[in-house]
Amino acid sequence: MGIDEETKTGEEASQEINNNTPQQPFDLNDYTIIKEGEAEILMHKKNQVFYNKAQVNNRDMSIAVLRTFISKREDEYGAFLSKKMNKTSKTLETHVSNGSSNGECETSKEIHKDEPCTNGDQPQKPLEGKVQGELKPPRVLEALSASGLRALRYAREVEGIGQVVALDNDKASVEACRRNIKFNGSVASEKVESNLVDARVYMLTHPKEFDVVDLDPYGSPSMFLDSAVQSIADGGLLMCTATDMAVLCGSNGEVCYSKYGSYPLRGKYCHEMALRIVLACIESHANRYKRYIVPVLSVQMDFYVRVFVRVYTSASAMKNTPLKLSYVYQCVGCDSFHLQPIGRTVSKNTSVRYLPGFGPVVPQECSDCGKKYNMGGPIWSDPIHDQDWVSSILADVKAMKIRYPAFDKISAVLTTISEELPDVPLFLSLHNLCGTLKCTSPSAVIFRSAVINAGYRISGTHVNPLGLKSDAPMDVIWDIMRCWVKNHPVKEQSPDQSGSVILAKEPVLQANFARAVASLSKAQSKKVARFLPNPERHWGPKLRAGRTITSKHVSLLGADAVNGVLNNNEEEAEERQVKRQKTDDPTSIS
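Calculation notes
Residues numbered from 1 in each chain as written. Predicted model: local features only at pLDDT ≥ 70, side-chain atom pairs only at ≥ 80, totals over all residues. Heavy atoms only, no water. Axes fitted to C-alpha atoms, helices over the stretch in contact; angles between N-to-C directions. Helix = DSSP H or I, 4+ residues; strand = E, 2+ residues; numbered from the N terminus. Parallel < 35°, antiparallel > 145°, perpendicular 65-115°, else oblique. Left-handed = near helix turned anticlockwise from the far one by under 90°. Contact = heavy atoms within 4.5 Å. Pairing = 2+ DSSP bridges. Patch = residues over 30% accessible without salt bridge, like charges linked within 9 Å, V, L, I, M, F, W, Y side chains within 5 Å. Areas by Shrake-Rupley, 256 points an atom, 1.4 Å probe, with all protein chains shown as cover. Salt bridge = Lys/Arg side-chain N within 4 Å of Asp/Glu carboxyl O. Buried < 20%, exposed > 50% of the residue type's maximum accessible area, 1.4 Å probe, protein only. Phe/Tyr/Trp six-rings, centres within 6.5 Å; stacked < 30°, edge-to-face > 60°. Lys NZ or Arg CZ within 6 Å of the ring centre and 35° of its normal. Polar contact = N/O pair within 3.5 Å; in protein donor to acceptor, adjacent residues only side chain to side chain. Core = buried A, V, L, I, M, F, W, Y, C linked by side-chain atoms within 4.5 Å. 1 Å grid on protein atoms, 1.4 Å probe; cavity = no way out; pocket = protein on both sides within 12 Å on 5 of 7 lines; lining within 4 Å. Points joined across faces, edges and corners; volume = space filled by probe spheres on them. Nonpolar A, V, L, I, M, F, W, Y, C, P; charged D, E, K, R; others polar. Right-handed = clockwise from strand over helix to strand, strands pointing away. Arc of directions from axis to C-beta.

1. Considerations on the packing of helix H16 (residues 430–437) against helix H18 (residues 474–487)
So, step 1. Direction vectors running N to C along H16 and H18 enclose 60 degrees, while the axes themselves pass 11 Å from each other. Judged on the interaxial angle alone, H18 and H16 are oblique. Where H16 crosses over H18, the two elements pack in a sense that is right-handed. On H18, the residues that touch Leu 433, Cys 434, Thr 436 and Leu 437 of H16 are Ile 477, Trp 478, Met 481 and Val 485.

This is the structure:
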């Protein structure tokens, strides 16, 4: 062993093993070529490596956000340089004004003693060099790459991107990823590298090295969050997916609490609550390292939630975390909900004190129907989108329409998000309100008009086509519904039911159902599609890689796909049987 080989670190040796692993020969007939965007991958027919066509929405949205991030990052760096140059210029002016009147130069920390003296008309070049520098292309880490399709699309489609590191702990996945990298040509080979390693260990051993970290696991991302928030550079972007929606939406509350540290409630707003639980969990992990997050976009699409947050380091800003989190009280009878902030601040002169939040915000029994409350959370109650980012992303998507395979879907989602009320957590369901009162439902336009005429704001939500976000308190909402029922009477109900208790009270507010100008959003007025049907049947989650496909998977994959796999398996079994018989039969040996 040579000297150079003896002095290599363990990490370098591991990297060399990764790079020198020989690529196994393969028969192209055993693979299907899948093209998405500008990337092509080879997929084996035996479900060895995970791939889901439905995630094209996820990948397209991620590419759109990544393009905007690179643009914003360059703008921020330009502003930083400009600010630093202005500061340097002011320092020079101060130095010159304090200089001696006879033109002699005094030595200062800013000017080197060997440099020629100037009269201040031009900035000093050595100082200029201190603030000048090139912004390096962002490095991207895809922690769970599988086939590598996402990493390949990033490398081939996102302008200005740097190195893309694709990780996976499964040998078959890494082999498939490397095969696909070679299949995509020189650009992919230069930018993308694939490593067989535990993503958690890799992220922990590369602190603050990546500008973008992408987590898209099969299931919950909770086990990766602690290492992910440490591997992101200051101001970097964390993109995180969670597909365990049954857990996040309240089917197994105790499991959600063990994974995310929050207890979910099974309301109509459960999918938005899932988004806010994931954000609160990421913030909790970031706080342990004096870091905090700023959400730029949070979406619920198809069968998963996807959040895009920037990660910053600041011990002082981290103290604001309790102000961004709240518990949720939900009535078991009428589904009214109220938020209880965890913390509050008290300002005195220039000092700020952080104190526990006042509570409780609700009595023991619901003031509307008299039933008890369930309590859930804590959840992220601050805005989950940055509307400036949403506008930039939407503009980019529309300008590059041809480059997004899922343009219709992601543009519809972004359009709806752009019209959401950013400062209103969770939402109401109009049908749920009417279900409680057992009354006919007013149209969304009529209900929205009544809320607007009462002096409050209201908007839709991208999570649910029937959902309505409003800053109107629940007693105002129920007063509007009482006024509606007076004009549209209902049958008598049992007096102990929640609807009967609510309707027994006279409304304090007299609702005005005259159509308001702002009752329709701009997208609705222009008849822009906002909620699209699935493009094909069985558009949803798929089996984990390596699982044997059987007849019980018809609901996930479809009858044709399952029958095709089963028939293929039967043919392979027959071929093996024929080979075995030939081997065992002595007369067949010449």
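2. Regarding the sheet that holds strand S17 (residues 467–470)
So, step 1. Spatially, the three strands line up as an open sheet ordered S15-S17-S16, and their pairing is antiparallel. Strand pairing shows two members of the sheet lacking a second neighbour, strand S15 (428–429) and strand S16 (458–459), which therefore form its edges.
So, step 2. Bridge count for S15 against S17 is two bridges, and the pairing is antiparallel. Directly across from Ser 429, in S17, lies its bridge partner Gly 467.

3. Some remarks on a nonpolar patch on the surface
So, step 1. Residues Leu 323, Val 352 and Tyr 354 make up a contiguous nonpolar surface patch of roughly 230 Å² in combined accessible area.
So, step 2. Relative to the helices and strands, Leu 323 resides in helix H13 (residues 321–324).
So, step 3. Residue Leu 323 is classed as partly exposed on the basis of its relative accessible area of 31%.

4. Section: the packing of aromatic side chains
The description of two aromatic rings rests on the distance between their centres and on the angle between their planes.
So, step 1. Evaluated as defined, the whole model comprises seven aromatic pairs.
So, step 2. A cation over an aromatic ring shows up here: Arg 344 above the ring of Phe 358, its NZ or CZ 3.6 Å from the ring centre.

5. Overview of the side chain of Glu 272
So, step 1. Mapped onto the fold, Glu 272 is located in helix H12 (residues 270–287).
So, step 2. In terms of polar contacts, Glu 272 uses its side chain to reach the side chain of Arg 276, at 2.9 Å.
So, step 3. Discounting chain neighbours no more than four positions away, the residues touching Glu 272 are Val 424, Pro 425, Leu 426, Phe 427, Thr 461, Val 463 and Lys 469.

6. Considerations on the nonpolar core
So, step 1. Counting residues in each nonpolar core, the largest one holds 79 residues, and the members touching the most others are Met 203, Val 213, Leu 215, Leu 238, Leu 248, Ile 282 and Phe 447.
So, step 2. By residue number, the principal contributor to this core is H12, which donates eleven residues.
So, step 3. The contact partners of Met 203, leaving out residues within four places of it in the chain, are Leu 141, Ala 143, Val 213, Leu 215, Phe 224, Ser 227, Ala 228 and Ser 231.

7. Concerning the pattern of salt bridges
So, step 1. Applying the stated rule across the entire model yields 25 salt bridges.
So, step 2. Here Arg 306 and Asp 214 are joined by a salt bridge, their closest N and O atoms 3.1 Å apart. Placement of the pair is Arg 306 in strand S9 (residues 304–313) and Asp 214 in strand S6 (residues 210–215), with a sequence separation of 92 residues. Exposure class is identical for Arg 306 and Asp 214. Each is buried.
So, step 3. Salt bridges sharing partners connect three or more residues here, namely Glu 36, Arg 59, Asp 60, Arg 153 and Glu 157.

8. Brief notes about the packing of helix H17 (residues 444–453) against H18
So, step 1. Running from N to C, H17 and H18 cross one another at 125 degrees; their axes reach a closest spacing of 10 Å. One element, H17, and the other, H18, form an angle in the oblique class. Here H17 runs over H18; the crossing is right-handed. Only Ile 477, Ile 480, Met 481 and Trp 484 of H18 make contact with H17, whose side of the interface consists of Ile 446, Phe 447, Ala 450 and Val 451.

9. So, the environment of His 285
So, step 1. As for its position among the elements, His 285 is in helix H12.
So, step 2. The buried category is assigned to His 285, whose relative accessible area is 10%.
So, step 3. For the pair formed by His 285 and Gln 230, sequence separation is 55 residues and the distance between their alpha carbons is 9.2 Å.
So, step 4. Excluding anything up to four places from it in sequence, His 285 contacts Ser 222, Leu 225, Asp 226 and Val 229.

10. Looking at empty space enclosed by the protein
So, step 1. The full count for this structure, using the stated rule, is two cavities of 30 Å³ or more.
So, step 2. If you add up the space inside the largest cavity, you get close to 110 Å³.
So, step 3. What lines the largest cavity is a set of 14 residues, and nearest its centre among them are Asp 335, Phe 427, Leu 428, Ser 429 and Asn 432.
So, step 4. Of all the secondary structure elements, the ones that give two or more residues to the lining of the largest cavity are S15 and H16.
So, step 5. Its residues assigned to classes, the lining of the largest cavity comprises seven nonpolar, five polar and two charged.

11. Structural notes on the pairing of strand S4 (residues 164–168)
Side-chain direction in a regular strand flips from residue to residue, so the side chains alternate between the two faces of the sheet.
So, step 1. Along S4, five of the five residues are buried, which leaves the element largely enclosed by surrounding structure.
So, step 2. In terms of handedness, the path from strand S3 (residues 140–142) via helix H5 (residues 149–157) over to S4 forms a crossover that is right-handed.

12. Regarding helix H11 (residues 253–260)
So, step 1. Every buried residue of H11 is accounted for by Gly 253, Cys 256 and Tyr 260. Along the axis of H11, the buried residues cluster in a sector spanning 55 degrees; they form a single face.
So, step 2. Summarising the contacts, the buried residues of H11 are in contact with helix H9 (222–231), strand S7 (232–242), helix H10 (245–248) and H12.
So, step 3. Residue Gly 261 follows H11 closely and has a positive phi angle near 75 degrees.

13. Some thoughts on the sheet that holds strand S10 (residues 325–331)
So, step 1. The three strands are arranged S11-S10-S14 in an open sheet whose pairing can be described as antiparallel. In the strand order of this sheet, the two ends are held by strand S11 (337–341) and strand S14 (373–380), each with one partner. Put simply, the sheet's adjacent strands are angled 25 degrees from each other on average, direction ignored.
So, step 2. Pairing of S10 with S11 involves five bridges; the strand directions are antiparallel. The residue of S11 that forms the bridge with Ser 326 is Pro 341.

The values reported here are purely geometric and, on their own, carry no functional implication.
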